[in-house]
Amino acid sequence: MSAVESPRRIRAGEWSFELIGDEVRAITYGNRRILDSVRPAVRDPNWNTIAMSPESTVVDEVAGSARIMIYGGYSCEQGRARGDLTVRAGDDGFSIRYGFEPDHDFITARTGLTVLVPREFQGCDGTYYTPDGYTRRFRFPLRVCPYQPVFDIVGICYWGSGLETHVDFSGDVFEMEDQRNWCDASFKIYSRPLARPFPFVVESGTRVQNEVRISVKSCSGPVIVTETGAAGPEVDLDALITETPPIRLPGISLGATTRYLTEDDLDRSRVISPVAIVAEVTDLYPLERVFASLRVDTQGGRIPVDLRMAVSEPDDVAGILDAFAATGMTLLRVGVVDRATHVTTGPLWQALRCAMRGRDAELICGTRGHFAEFNRQIHSIVQPGAAGYWFSLTPQMHTREEAGIERALNAVQDVIGSARALIDDRPLLLGPVTLRARLNVVATDPGVVDRDSTMGYGAELTWGSVDPRHDSAWAGAWTCSMFLNAAASGASQVCFYEVQGPRGVVRAEGTLNPSGTVLKQFMGLAGCPARIGFLNATMKSAWVLLGQDDPVLVVSNLEKTALRFRLGSQVLEVAPGCVATAGSLGPS
């Protein structure tokens with residue numbers, strides 16, 4: 001699917017939804033959103049997404065009803081498969097049927113329909129129906145739930161905004177997970193159950209078929225705000241500022257460039273000066289070359305290093321620290337995780353504390369994985385004497401579309417709030433934050449993780465780690481909103497992207513891309529007071545006011561239309577997918 005493909009809005013009586021590729025999203029009934037998305041998910045053995053290429057789409061809209069038929073194919077190194085999707089909507093309900101049939105034995109971690117319930121239903125009650133005929137109650141969790149809140153689903157019912165929504169499933173047994181663990185703003189209902197072995201084989205000629213049937217009826221219940229438009233053609237900040245308490249801005253660090261740098265790249269590194277460079281290394285890497293490249297990122301040792309180590313054994317910790325010490329670079333802080341589990345463990349923590357005797361740096365705990373790993377293994381991660389905690393974040397664990405990436409911003413404050421509750425509000429060092437995952441922590445083949453080559457290491461060799469929109473103005477606006485969401489949630493420091501290379505903020509010609517321009521504006525302001533607000537409940541368009549006597553206003557606009565902000569006599573207009581600044585920080 002093209003990254004710029006526009007969704008088609010379809011109405012069928014009281015039903016309304018968007019169609020983009022093989023995804024049916026933003027499903028509403030009477031202008032009330034009840035589902036974020038229904039779509040097929042086909043994963044390879046290492047959980048990478050194999051996208052369907054639609055070959056024909058037929059849309060038939062007649063007298064308050066709609067029928068859509070989509071036919072397409074899948075191609076990967078295993079071979080080809082066929083897929084089809086049929087959508088029906090009208091007075092008798094809404095249904096989506098999906099079929100998948102490979103022309104060879106197909107190894108997959110998951111193949112079938114997935115259903116996304118909006119994150120805004122958190123705290124709402126519901127019931128679900130099991131294959132053996134039982135009806136059980138449940139509640140969508142408020143705090144991010146580490147494990148599946150509901151298993152053995154053949155049907156589910158939940159209440160909100162005056163609607164009782166029923167979703168029935170066939171073709172397999174389904175279960176639910178809290179996708180906020182991966183910074184997706186939804187609760188996902190999927191098959192097949194993870195208790196079954198994976199990856200598994202779909203034999204040649206076998207047809208996988210799922211169907212989802214949706215119906216609604218009126219009821220009483222809490223009001224659920226799942227989508228909000230702009231506040232109006234002009235936003236009066238003078239009125240909002242008095243209601244917005246100031247917070248302290250976090251520091252900003254950058255990830256080390258994982259495509260090897262040389263001394264010839266040093267001038268480009270001097271374009272931007274974060275509080276630290278976060279370097280992720282393992283005992284498998286050629287450390288001399290990795291640290292030589294890192295030295296370029298640190299502007300010849302001027303910027304301190306936040307070193308995150310992934311090791312096979314506790315004995316590996318001291319060796320990496322000795323190799324780093326030989327470089328003469330400054331060590332600001334250091335953490336360690338197990339290469340297999342991706343989290344800090346007790347034995348590794350003790351090895352780190354022993355190896356750091358006589359060395360001056362903060363010691364931190366965490367995971368190089370997602371919040372899912374942090375949330376599920378917090379009992380291992382929390383260690384005595386830790387100066388802070390970290391986990392990484394990407395909005396594209398499950399989706400590639402801009403709407404889904406923007407929607408992830410709606411989950412950031414849930415994620416950080418849940419994390420801070422787990423660590424008793426000790427410092428949270430969020431990141432690296434990247435558009436695409438820089439590490440496949442769910443790979444079933446350990447050989448695809450922690451690789452190196454003559455070109456680079458780590459993320460440089462991770463499949464799909466470069467987003468084609470990385471250098472766009474839209475990515476700059478997303479980065480700004482992401483930083484302001486993290487700041488408003490209480491993060492102590494946020495690490496973004498890399499310094500240089502295809503995942504970096506400094507272009508080959510030595511200029512900053514839009515994300516780098518945004519981040520540079522906030523560098524040097526760590527600890528400064530700021531007032532942060534959001535345009536609406538989606539949390540995707542944000543503003544920040546810095547200073548009082550000579551205030552500076554920065555606004556990110558991820559809406560589809562231009563926005564206008566008024567502050568005193570100043571008016572700031574912001575184009576869609578852009579960032580604008582009024583004040584002495586300069587243009588962005």
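Look a little higher up for the structure.
Enquirer: Help me out: how do you make sense of the pairing of strand β34 (residues 570–574) in this one?
Expert: Two elements, strand β33 (residues 563–567) and β34, share five bridges in a ladder whose sense is antiparallel. Note on β34: the bridge partner recorded for Leu567 is Gln570. Between the end of β33 and the start of β34, which pair antiparallel, lie two residues, with Gly568 showing a positive phi angle near 60°.

Enquirer: It is not clear to me how the sheet that holds β33 should be interpreted in this structure. Could you clarify?
Expert: Strand-to-strand pairing in sheets goes through backbone hydrogen bonds, with the strands running parallel or antiparallel. One open sheet holds the three strands; their spatial order is β20-β33-β34, and the pairing between them is mixed. The sheet terminates laterally at β20 (235–236) and β34, the two strands that pair on one side only.

Enquirer: Help me understand the side chain of Gln396 in this model?
Expert: With respect to the helices and strands, the residue Gln396 is situated in the loop between β27 (389–393) and α8 (402–407). On the basis of relative accessibility, which here comes to 3%, the residue Gln396 falls in the buried class. Looking at Gln396, its side chain comes within polar contact range of the side chain of Arg436, at 3.0 Å. Reaching out from Gln396, the side chain makes a polar contact with the side chain of Asp467 at a distance of 2.6 Å. Residues in contact with Gln396, not counting those within four places in the same chain, are Ile405, Leu435, Arg436, Asp467 and Arg469.

Enquirer: Quick question: what am I supposed to make of the packing of aromatic side chains here?
Expert: The geometry of an aromatic ring pair is captured by two quantities: the separation of the ring centres and the angle between the planes. According to the stated counting rule, one finds 22 aromatic pairs in the structure shown. For the pair Phe140 and Phe187, a centre-to-centre distance of 5.0 Å together with 40° between the ring planes defines the contact as tilted. One end of the pair, Phe140, is in the loop between β12 (135–139) and β13 (150–153); the other, Phe187, is in strand β17 (residues 186–190), with 47 residues separating them in the sequence. Accessibility assignment for this pair places Phe140 and Phe187 in one class, buried. With a centroid separation of 5.6 Å and 40° between ring planes, the pair formed by Phe496 and Tyr497 is classed as tilted. Side by side, Phe496 and Tyr497 carry an identical accessibility label, which is buried. Ring pairing ties together the aromatic residues Phe121, Tyr128, Phe138, Phe140, Tyr158 and Phe187, which thus form one cluster. Taking the ring centre of Tyr190 as reference, the NZ or CZ of Lys188 above it sits at 5.8 Å. Over the face of the ring belonging to Phe200 we find Arg192, whose NZ or CZ atom lies 3.8 Å from the ring centre.

Enquirer: What's the story with the sheet that holds strand β6 (residues 65–76) in this structure? I'm lost.
Expert: Here nine strands make up an open sheet; going across it, the order is β5-β6-β7-β8-β19-β15-β14-β11-β12 and the pairing antiparallel. Either end of the sheet is taken by a strand with one partner, and the two such strands are β5 (53–62) and β12. Each neighbouring strand pair of the sheet contributes to a mean axis angle of 15°, computed without reference to strand direction. Pairing between β5 and β6: nine bridges, direction antiparallel. Residue pairing for β6: Val59 is matched across the bridge by Ile68.

Enquirer: Any chance you could explain the environment of Leu563 here in plain terms?
Expert: Looking at the secondary structure, you find Leu563 in strand β33. Note on Leu563: relative accessible area 4%, which makes it buried. Expressed as a C-alpha distance, the spacing of Leu563 and Arg196, which sit 367 residues apart in the sequence, is 49 Å.

Enquirer: Would you mind showing me how to read empty space enclosed by the protein here?
Expert: Tallying each qualifying case throughout the model produces five cavities of 30 Å³ or more. As a volume, the largest cavity reaches approximately 300 Å³. Around the largest cavity sit 31 residues that line it, and Thr258, Glu280, Arg438, Gly458 and Ala459 are the ones nearest its centre. Looking at the lining of the largest cavity, the elements with two or more residues in it are β23 (277–282), β24 (305–311) and β29 (493–498). Per-element tally for the lining of the largest cavity: the top contributor is β23, with five residues. Grouping the amino acids of the lining of the largest cavity by side-chain chemistry returns 17 nonpolar, six polar and eight charged.

Rules used throughout
- Residues numbered from 1 in each chain as written.
- Predicted model: local features only at pLDDT ≥ 70, side-chain atom pairs only at ≥ 80, totals over all residues.
- Heavy atoms only, no water.
- Pairing = 2+ DSSP bridges.
- Helix = DSSP H or I, 4+ residues; strand = E, 2+ residues; numbered from the N terminus.
- Buried < 20%, exposed > 50% of the residue type's maximum accessible area, 1.4 Å probe, protein only.
- Polar contact = N/O pair within 3.5 Å; in protein donor to acceptor, adjacent residues only side chain to side chain.
- Contact = heavy atoms within 4.5 Å.
- Phe/Tyr/Trp six-rings, centres within 6.5 Å; stacked < 30°, edge-to-face > 60°.
- Lys NZ or Arg CZ within 6 Å of the ring centre and 35° of its normal.
- Axes fitted to C-alpha atoms, helices over the stretch in contact; angles between N-to-C directions.
- 1 Å grid on protein atoms, 1.4 Å probe; cavity = no way out; pocket = protein on both sides within 12 Å on 5 of 7 lines; lining within 4 Å.
- Points joined across faces, edges and corners; volume = space filled by probe spheres on them.
- Nonpolar A, V, L, I, M, F, W, Y, C, P; charged D, E, K, R; others polar.

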